[in-house]
Amino acid sequence: MALFYAQGVPIGFIAIMLAVLASMGGFIFGYDTGQISDILLMDDFLLRFAQCSTPGDVGTCNFSIVREGLIVALLSIGTLIGALLGARVADVLGRRRAMSAECVIFIVGVIVQITAEHAWAQFAVGRLISGLGVGALSAAVPMYQAETAPPQIRGTLTATYQLFITFGILVAYCISIGTRNVSGSGSWRIVVGIGILWALILGIGILFMPESPRWLAKKGRFEEAKVALARSRGIPTHEADDNFKVHRELTDMRTAIEHESAIQATWADCFRPQNKQLYRTLLGMTLQMFQQLTGANYFFYYGASVFKSVGIQDSFVTQIILGAVNFGCTFGGMYVMEKFGRRYPLIIGGVWQSIWLFVFAAAGTAKDPTQNKGIGILMLVSACLFIFGYAMTWAPGIWILTGETFPTRTRSMQAALAAASNWTWNFLLAFFTPFITRAIAFRYGFVFAACNLTGAVIVYFFLYESSDLSLESVDMMYCDPSCKPWTSRNWAPEGFSSRAELVEQSKAAEAGKGFAGDEESRIEHKNVIANGDEDGVKEVNGNVKGTNGFANEKMRDEDEDVAKVIRPTQSRGAASVLIVIYYPHG
């Protein structure tokens, strides 16, 4: 049953729930990211794991740069390895069971951390193990969401992964401020241990969601894929056999998979120039790299230390302010990425972020913020405005693109490489930031400002606009030699003059319970022949032919239904195409 309609397409409860539950993978990562910033400042944690010149006196305890960097950054090493292994695991076990298995790995890592007594290396290794699970989830979750979500809201649902990352960060900050005055090891063990709850919610809950229909179809389980499609589209499963939208999507999947299965996909295929495979692999890895180089994790990993250094008394509260801005603005980001596409928000966001990082760095460099309260406030405000732009654009946008840029045959491997790029740079920044800030202090912000501008330029010249297209059509767009990144916003599948026309006809088709010229119902099969006559439909062997024959069988079954040709066009290859609207009388 549909909860609401998006662009005229019914959206069911399951579509929303699969996005929310799968996004718990992002929540787990956000929670793990947010907790470490505050834990590093907790008294009991310092007494147990830092270097103290006077044992038992927390005022004499400090982490060396190397020790602090390893405790923070080993999570990222684990996520890097997990992201690379996660692609194969998701292909073998299926998207859902892979996520459940990865939650178990995360829980093991949490147990290792909370059982550490005085060995900082044990705590760091526990973060490494947890990272294996988080990294594998970062490859599986966006891929599962993109493959399962209806195209009309794919961007929004995939963006929930980033939304939940920000929510996890905020929750970690709130729990940390609540436990910081707890005596003994409970101050940090409670914060870390609660992570087990989030993993249980995801690991168990995801098993009640439908499997990815594209994974099922790839395994030849088309009946199960049909049911999964129906559930995620808000269509009762007993109506799946009679629903033209389900048949249409399933036929598109079957055709794409049959074409791709002729050649067994390997990791080497991700780096072949044909069909812009190498181009897309490098683009995905580059965009993930620049998401890290925006500088957001500079604040999330070391924010409490940063704002303590600018003279703000309660840096825990400052972290909550940043976390709240990050979380709240990500809701706006979900709207922005769906409304304005992918390219414009990323370009504008990159410029906006660069401006405020420049202000942050210039203010901190011009005067000592510990001696000038006004400078400290300006730096906090500029950090909030930077996070505002990041949460609205680069934070959700890059994860959306990771799920929708690659073809089905190599999607899991290319998504894993993109995620691995993210985690590699996550580690480099987490480990080396203490060294860099000690050397150049707040001038570090100038480096991130330059990286944001560079990212905006890369988006303009290399990223194709993929909003409102099915995953199969995104692949066609990248393979179209006449389409350039800066003109891709106007690209549409054969039979449409523009992307806007595709959306409008999709709405009209759904409103009429038939199918018009939207990109998923276009007729591309070479066995469909038209004579180009807009006054009638040419019959082949006495029957009107369609994408999968389903709509036409239905037209033949209902005597009063009529078919109207709205546009003959030319398909890829030489065959002409009919685009038909099915009108039931009354």
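Keep in mind it's a predicted model, so treat the numbers as computed, not measured. (Residues numbered from 1 in each chain as written. Predicted model: local features only at pLDDT ≥ 70, side-chain atom pairs only at ≥ 80, totals over all residues. Heavy atoms only, no water.)

A. Structural context of the overall build of the protein. Tallying secondary structure elements over the protein gives 23 helices and 6 strands in all. In the protein, which comprises 586 residues, the proportion classed as buried is 60%. Put simply, of all contacts in the protein between residues at least 6 apart along the chain, 75% involve residues at least 24 apart. Accessible surface, the protein: about 22000 Å² in total, of which carbon and sulfur atoms supply 63%. (Helix = DSSP H or I, 4+ residues; strand = E, 2+ residues; numbered from the N terminus. Buried < 20%, exposed > 50% of the residue type's maximum accessible area, 1.4 Å probe, protein only. Contact = heavy atoms within 4.5 Å. Areas by Shrake-Rupley, 256 points an atom, 1.4 Å probe, with all protein chains shown as cover.)

B. Local environment of a nonpolar patch on the surface. Residues V457, Y460, F461, F462 and W486 make up a contiguous nonpolar surface patch of about 510 Å² in total accessible area. Checked against the element boundaries, F461 lands in helix α20 (residues 444-462). (Patch = residues over 30% accessible without salt bridge, like charges linked within 9 Å, V, L, I, M, F, W, Y side chains within 5 Å. Salt bridge = Lys/Arg side-chain N within 4 Å of Asp/Glu carboxyl O.)

C. Spotlight on the state of the cysteines. Counted under the stated rule, the structure contains 1 disulfide. Residue pairing for C52: its cysteine sulfur links by disulfide to C61, the two sulfurs lying 1.8 Å apart. The sign of the S-S torsion, about 110 degrees, decides the handedness of the disulfide formed by C52 and C61: right-handed. Classification of C52 by relative accessible area gives partly exposed; the value is 23%. (Disulfide = S-S within 2.5 Å.)

D. Seen up close, the pattern of salt bridges. Counted under the stated rule, the structure contains 15 salt bridges. For R272, the salt bridge goes to D269, with nearest N and O atoms at 2.6 Å. Taking the shortest distance from any N to any O, the salt bridge between R409 and D269 comes out at 3.2 Å. Of the two residues, R409 sits in the loop between α18 (394-404) and α19 (411-440) while D269 sits in the loop between α12 (244-260) and α13 (277-292), which places them 140 residues apart along the sequence. Exposure class is identical for R409 and D269. Each is buried. Salt bridges linked by common partners bring D44, R48, E117 and R189 together as one network.

E. View of helix α7 (residues 154-179). Between its first and last C-alpha atoms α7 spans 38 Å; for 26 residues at 1.5 Å apiece the expected length is 38 Å, and the two agree. Burial within α7 is extensive, with 21 of its 26 residues counted as buried. (Expected span 1.5 Å × (residues − 1).)

F. Spotlight on the environment of L93. Secondary-structure assignment places L93 in helix α4 (residues 65-93). Dropping the residues within four chain positions of it, L93 is found in contact with A98, A101 and W215.

G. Inspection of the side chain of T166 at higher detail. One can find T166 in helix α7. Relative accessible area serves as the criterion here: at 0%, T166 is assigned to the buried category. Looking at T166, its side chain comes within polar contact range of the main-chain oxygen of L163, at 2.5 Å. For T166, the residues in contact, after removing those within four places along its chain, are N326, F327 and T330. (Polar contact = N/O pair within 3.5 Å; in protein donor to acceptor, adjacent residues only side chain to side chain.)

H. Broad picture of the confidence of the model for the protein. Per-residue confidence for the protein gives a mean pLDDT of 80; residues scoring 70 or more make up 81%. Within the model, the stretch residues 513-586 combines pLDDT values under 50 with 142 contacts to residues more than four positions away or in other chains. (pLDDT = per-residue confidence, 0-100.)

I. View of the packing of aromatic side chains. Counted according to the given criterion, the structure contains 40 aromatic pairs. With 5.5 Å between their ring centres and 80 degrees between their planes, F45 and W188 make a pair best called edge-to-face. Of the two residues, F45 sits in helix α3 (residues 43-49) while W188 sits in helix α8 (residues 186-193), which places them 143 residues apart along the sequence. Here F45 and W188 have matching classes, each one buried. Taken together, Y298, F299, F360, F386, Y390, F442, Y444 and F448 form an aromatic cluster joined through their ring pairs. The aromatic ring of F222 is capped on one face by R254, whose charged end is 3.9 Å from the ring centroid. Geometry around Y279 places K276 over its ring, the cationic atom sitting 4.8 Å from the centre. (Phe/Tyr/Trp six-rings, centres within 6.5 Å; stacked < 30°, edge-to-face > 60°. Lys NZ or Arg CZ within 6 Å of the ring centre and 35° of its normal.)

J. Local environment of α18. The element α18 is largely enclosed, with a buried count of 11 among its 11 residues. Those residues of α18 that fall on the buried side of the exposure criterion are W394, A395, P396, G397, I398, W399, I400, L401, T402, G403 and E404.

K. A look at the side chain of S185. Inspection of the secondary structure puts S185 in the loop between α7 and α8. Here the side chain of S185 touches R189 through a polar contact of 2.6 Å, side chain to side chain.

L. A look at unusual backbone geometry. Phi is positive for K276, which is not a glycine, with a value near 55 degrees. Under the relative-accessibility criterion, K276 is labelled partly exposed at 26%. With phi around 55 degrees, A441 is a residue other than glycine that occupies positive phi space.

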